[in-house]
Amino acid sequence: MNSPLPEPSRGIAAAAPAPRRLGPPVVALLLLALVLAAPLALGGFGVSLMNDMGISALVALGLVLLTGVGGATSFGQAAFVGIGAYATAWLSTAGGCSPWLGLPFALALTGVAACVIGLLTLRLGGHFLPLSTIAWGLSIPLIFGNMDALGRYSGMANLPALHLGTLSLGNPRAMYYLIWACVAFALWFSHNLLRSRPGRAIRGLRGGSVLLASVGADAFAVRLGLFVVAALFAGLAGWLYTYANRFVSPSPFDLRAGIEYLLMAILGGVGYLSGALVGSGLVLLLKDLLQDLLPLLSGRAGQLDAVVFSALFIALLHYARGGAMSFVARGLRRWRAPRPAPLPVEQAPVLPRRAQPARGEALLEVQGVSKRFGGLLAVDAVSFEVRAGEIVGLIGPNGAGKSTMFNLLTGVLPKSAGRVRLLGRDITALSQRRIARMGVARTFQHVKLRPAMSLLDNVALGTHARTRGGLLAAGLRLDRAQERQALREAAWQLRRVGLGGREHERAGTLPLGTQRVLEIARALAADPLLLVLDEPAAGLRRQERVALGELLRRLRDEGVTILIVEHDMDFVMRLVDRLVVMNFGSRLLEGTPAQVRADASVQAAYLGSADTAGTDAPRAPATP
Ligand code: ADP
Ligand code: MG
């Protein structure tokens, strides 16, 4: 076995600040007092408006998560509100059950519907997904309107009231507290979720499925889970809607309502959980205002508010995509610079490590691997081996097939022929995610980080496959012990690569060289058997290159096995134990740096390649 890795002397665990938080506790307490006291100060109309706001805010909150964080736009959330509302209305009338039983029933039905719709549509890329949400956003209310059991277009009236023991929640003031308790719960749940293992994966969604698969996460499953959570918030809103109004009909759940919910999320700010509250408040107040004002302008005011909302939507997309909360946040920052939460030093147990092979053992065996892109044989029956504890370089002129080789090894591309074994196990046909989970961690030629996430969170994403726990546990904060372990690991890996003390900086603010080092820390957080680096020195300044070389050598001394593609010959010649040279897709030579440097065919290959000649041809490293 390799020598054990140096242990962090003290465990570091952190409540990592998710980039957008609700705000300091004092503000939260003030808000709470305000919400509790509001019904005492407001008239009946005001309380009803607040109830509508709370219900809409739940739906908008789902959209903040789904659209703002996850990057999937939905115009159809109102349909999920409808499913929740109709489910409980039907159960408590036709089924004769308690409205409270209607809650799990509404959530179950909404969840199942979201699973089915999600499985059918969430693989659609680009603008096809939003288009599909329009399809079900249109059709589900049509179904409500054509079912006899649901009262067709006249809906279902005289629904029973909710009761809490003998206390009736039939009046708006009583419903108010129930609604806002649900909103508070949903906010708390979402807040926890974003600062957790599944939350990091959700925040990683915009980085693409290859990024998530490289840390062992399944982007489709993550997106589906998020979609269901957003739908459940809408389903909960539907249940509340039914007992706040005691009447349901199809029109409040149609596509127009779906667009309004999206408008709320965008107007409030899709990057902020609190944007859901602000957005629903603004839209409902504006609607109310327009109802009073528009009749003064025109006799036919009924449809005019839609025109105003359309104009508002377009103006928002042009001038204020961040929504109202982005202005508030900017103002707050100016008033008081955000203080990152300190890293509370705390002894969290270390995450379990995988058994590492003995130094020199065959770790990766590549046998006759080929890749054909149409008529082009990009990789032609290449074989080589990587042994535990060594650094192997894969070099060759531009277009030689190095990146393709990496993509074949890591499962990003399927192989046309050949076999790959990892510690004797055949991984030829395994998916990228499975290969990552087996211990092959990689970085990318084009850096794949989440710029808005902190360094700590970016690296903690790398622990995904070493930890477990789903959305529910994360939302309910049942995952905190493990979360501390993951953050401790991330903090340690940051220190290991020389980025200690910068945990709370945002990845997007780092220079390219440091971003590449950060990617290495993320890969290390997976506790890999093999570290696969694609051109880590590209675009680095001389100083950064030297530091990177030192880091990689230190990692090798600690027992990390590295396979590296690199263009900078000085860099790679000084670093590696062995080299595999590729040219036109095939393996030209394998040997030590000295052997490669002396080989005439390698010289010819490089000198024959116009774009690398002179700069990248292998030559003796300058004496340090
Ligand atoms: P390197 O990383 O050594 O510069 P690549 O592996 O990126 O080379 O590319 C090898 C060859 O395969 C190039 O000719 C490139 O154009 C081709 N190639 C790479 N990826 C694809 C693809 N997805 N489809 C078609 N051809 C590709
Ligand atoms: Mg390449």
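Everything numeric here is computed off the predicted structure, so don't read it as measured data.

**Q** Explain the overall build of the protein chain to me, please; I cannot follow it from the model alone.
**A** Check the secondary structure of the protein chain and you find 23 helices and twelve strands. Principal-axis analysis of the C-alpha atoms gives the protein chain an extent of 90 × 55 × 50 Å. In the protein chain, which comprises 624 residues, the share counted as buried stands at 54%. For the protein chain, the proportion of contacts with a sequence separation of at least 24, taken over those separated by at least 6, is 76%. Only carbon and sulfur atoms are counted for the fraction: they give 63% of the accessible area of the protein chain, which is about 26,300 Å². Taking the average place of the 62 positive charges on the side chains of the protein chain and the average place of its 38 negative ones, the gap between the two points comes to 4 Å.

**Q** What am I meant to see in the packing of aromatic side chains here?
**A** Each aromatic ring pair is described using two quantities: the centre-to-centre distance and the angle formed by the ring planes. Under the defined criterion, the tally for this structure stands at 15 aromatic pairs. Ring geometry for Phe-80 and Phe-227: centres 5.7 Å apart, planes at 80 degrees, overall edge-to-face. Note that Phe-80 is positioned in helix H3 (residues 77-93) and Phe-227 in helix H9 (residues 219-245), a separation of 147 residues in sequence. One exposure class covers both Phe-80 and Phe-227, and it is buried. Ring plane angle 80 degrees and centroid distance 6.0 Å describe the contact between Trp-136 and Phe-227, whose orientation is recorded as edge-to-face. Here Trp-136 is found in helix H5 (residues 128-145), whereas its partner Phe-227 is found in helix H9, with 91 residues between them in sequence. Considered together, Trp-136 and Phe-227 belong to a single accessibility category, that of buried residues.

**Q** Before we go on, may I ask you to explain the pairing of strand E11 (residues 578-583) in this structure?
**A** Consecutive side chains of a regular strand alternate in pointing toward one face of the sheet and then the other. Buried residues dominate E11, accounting for six of its six residues. Covered by surrounding structure in E11 are Arg-578, Val-580 and Met-582 together with Leu-579, Val-581 and Asn-583, the residues of both alternating faces. As paired elements, strand E5 (residues 391-395) and E11 share four bridges and run parallel to each other. Paired with Ile-395 across the strands is Val-581, a residue of E11. Where E11 folds back onto strand E12 (residues 586-591) in an antiparallel hairpin, the turn is made up of two residues, including Phe-584, whose phi is positive at roughly 45 degrees.

**Q** Just checking my understanding: could you explain a positive patch on the surface for this structure?
**A** Taken together, Arg-330, Arg-333, Arg-334 and Arg-506 make up a surface patch of like positive charges. Locating Arg-330 in the fold gives a position in helix H13 (residues 323-335).

**Q** Can you help me understand unusual backbone geometry in this one?
**A** Apart from glycine, the bulk of residues carry a negative phi angle, and the bulk of peptide bonds sit in the trans form. Phi angles above zero are rare outside glycine, and Ala-381 is one such case at about 45 degrees. Position of Ala-381 among the secondary structure elements: in strand E4 (residues 376-387). Non-glycine residue Asp-527 carries a positive phi angle of around 55 degrees. Structurally, Asp-527 is set in the loop between helix H19 (512-524) and strand E9 (530-534).

**Q** What should I look at first to understand the coordination of the magnesium ion (ligand 2) in this one?
**A** In an ideal octahedron of six donors the angles at the metal are 90 or 180 degrees, and in an ideal tetrahedron of four donors they are 109.5 degrees. For the magnesium ion (ligand 2), the full set of protein donor atoms is Ser-403 (OG) and Gln-445 (OE1), and the range of their distances to it is 2.1 to 2.7 Å. Taken as a pair, Ser-403 in helix H14 (residues 402-409) and Gln-445 in the loop between strand E8 (440-442) and helix H16 (455-460) lie far apart in primary sequence, 42 residues in all.

**Q** Any chance you could explain the site of ligand 1 here in plain terms?
**A** With respect to spatial proximity, the complete set of residues near ligand 1 consists of Phe-373, Leu-376, Ala-378, Asn-398, Gly-399, Ala-400, Gly-401, Lys-402, Ser-403 and Thr-404. Backbone polar atom of Ser-403 to an oxygen atom of ligand 1: 2.9 Å apart, as the coordinates give it. At 2.5 Å, a side-chain N or O of Thr-404 approaches an oxygen atom of ligand 1. Here ligand 1 has 560 Å² of accessible area as a free molecule, and 58% of this is covered by the chains. For the shell around ligand 1, the secondary structure elements donating two or more residues are E4 and H14. With three residues, H14 is the single largest residue contributor to the shell around ligand 1.

**Q** Please explain the state of the cysteines as it appears in this structure.
**A** Formally, a disulfide is one covalent bond, and it connects the sulfur atom of one cysteine to the sulfur atom of another. Applying the stated criterion to the full structure yields zero disulfides. Considering cysteine sulfurs only, Cys-182 is the nearest to Cys-97, which forms no disulfide, with 20 Å between them. By relative accessible area, Cys-97 is classed as partly exposed at 26%.

**Q** Is there a simple way to explain the sheet that holds E9 in this structure?
**A** Two modes of strand pairing occur in sheets, parallel and antiparallel, and in both the strands are linked by backbone hydrogen bonds. As summarised here, the arrangement of the six strands in space is E8-E9-E10-E5-E11-E12, forming an open sheet in which the pairing is mixed. Two strands lie at the open edges of the sheet, namely E8 and E12, each paired on one side alone. Pairwise comparison of adjacent strand axes, ignoring direction, gives a mean angle of 20 degrees for this sheet. Its contacts with the sheet put H14 on E5, E8, E9, strand E10 (561-565) and E11, and the angle it makes with E10 is roughly 140 degrees.

**Q** Please clarify how the sheet that holds E4 should be interpreted in this entry.
**A** Pairing is antiparallel across the open sheet formed by four strands, whose spatial order is E4-E3-E6-E7. Each having just a single partner strand, E4 and strand E7 (425-426) make up the two edges of the open sheet. Each of strand E3 (362-373), E4 and strand E6 (417-422) touches H14; the most contacted strand, E3, lies at about 115 degrees to it.

**Q** Looking at this structure, how should I read a nonpolar patch on the surface?
**A** Residues Val-26, Val-27, Leu-30, Leu-31 and Leu-34 make up a contiguous nonpolar surface patch of about 500 Å² in total accessible area. Turning to its location among the elements, Leu-30 is positioned in helix H1 (residues 25-41). In this structure Leu-30 comes out as exposed when scored by relative accessible area, which is 59%.

**Q** Mind showing me how you'd approach the confidence of the model for the protein chain here?
**A** Detailed reading of predicted coordinates is not advised where the pLDDT is low. For the protein chain, mean pLDDT is 89; residues scoring 70 or higher make up 91% of the total. For the stretch residues 1-22, pLDDT sits under 50, and the model shows 73 contacts to residues farther than four places along the chain or on other chains.

**Q** I'm lost on the nonpolar core in this one. Help?
**A** Within soluble globular proteins, side chains that are nonpolar tend to cluster in buried spots. If you look at the biggest cluster of nonpolar residues, it comprises 99 residues, and the most contacted ones within it are Phe-80 and Leu-240. Take this core: its biggest share by element is 18 residues, from H9. The residues contacting Phe-80, other than those within four sequence positions of it, are Thr-110, Ala-113, Ala-114, Ile-117, Trp-136, Phe-227, Ala-231, Ala-234 and Gly-235.

What counts, and at which threshold
Starting from 1, residues in each chain are numbered consecutively following that chain's sequence as written. Ligands are numbered from 1 and chains lettered from A, in the order in which they are written. For this predicted model, a pLDDT threshold of at least 70 governs which residues receive local features, and a threshold of 80 or more governs which side-chain atom pairs are given and counted, while totals over whole chains, interfaces and linings are taken from all residues. The side-chain figures draw on all heavy atoms in the structure; neither hydrogens nor water molecules are used. Numbering goes from the N terminus for both helices and strands, where a helix is a DSSP run of H or I of at least four residues and a strand is a run of E of at least two. The classification of residues rests on relative accessible area computed with a 1.4 Å probe and restricted to protein chains. Under 20% of the type maximum is buried, over 50% is exposed, and intermediate values are partly exposed. In what follows, a contact means two residues having at least one pair of non-hydrogen atoms within 4.5 Å. Note on areas: Shrake-Rupley, 1.4 Å probe, and residue coverage restricted to the protein chains presented here. A positive count includes Lys and Arg, and a negative count includes Asp and Glu. His and the chain ends are not counted in either. Each charge is placed at NZ for Lys, CZ for Arg, CG for Asp and CD for Glu. The rule is short: rings of Phe, Tyr and Trp, with Trp giving its six-membered ring, pair when the centres are within 6.5 Å, and they are stacked under 30 degrees, edge-to-face over 60, tilted in between. In this analysis, strands are considered paired if DSSP registers two or more bridges between them. Two distance rules govern patches: like charges are joined within 9 Å, and nonpolar side chains (Val, Leu, Ile, Met, Phe, Trp, Tyr) within 5 Å, applied only to residues with over 30% relative accessible area and no salt bridge. Salt bridges are counted wherever a side-chain nitrogen of Lys or Arg sits within 4 Å of a carboxyl oxygen of Asp or Glu. Coordination partners: N, O, S within 2.8 Å of the metal, 3.2 Å for Na, K and Ca; water not considered, so apparent gaps in a site are possible. When we say a residue is near a molecule or strand, we mean one of its heavy atoms is within 4 Å of it. Here a polar contact means two N or O atoms within 3.5 Å. Within protein one must be a hydrogen donor candidate and the other an acceptor candidate, and residues neighboring in sequence count only if both atoms are side-chain atoms. Two cysteine sulfurs form a disulfide in these notes if their separation is within 2.5 Å. Interaxial angles span 0 to 180 degrees and are taken between N-to-C directions of axes, which are lines fitted to C-alpha atoms, for helices over the stretch in contact. The pLDDT score gives, residue by residue, the confidence of the prediction method on a 0 to 100 scale. What makes a nonpolar core is a set of buried Ala, Val, Leu, Ile, Met, Phe, Trp, Tyr and Cys residues whose side-chain atoms join them at distances within 4.5 Å.

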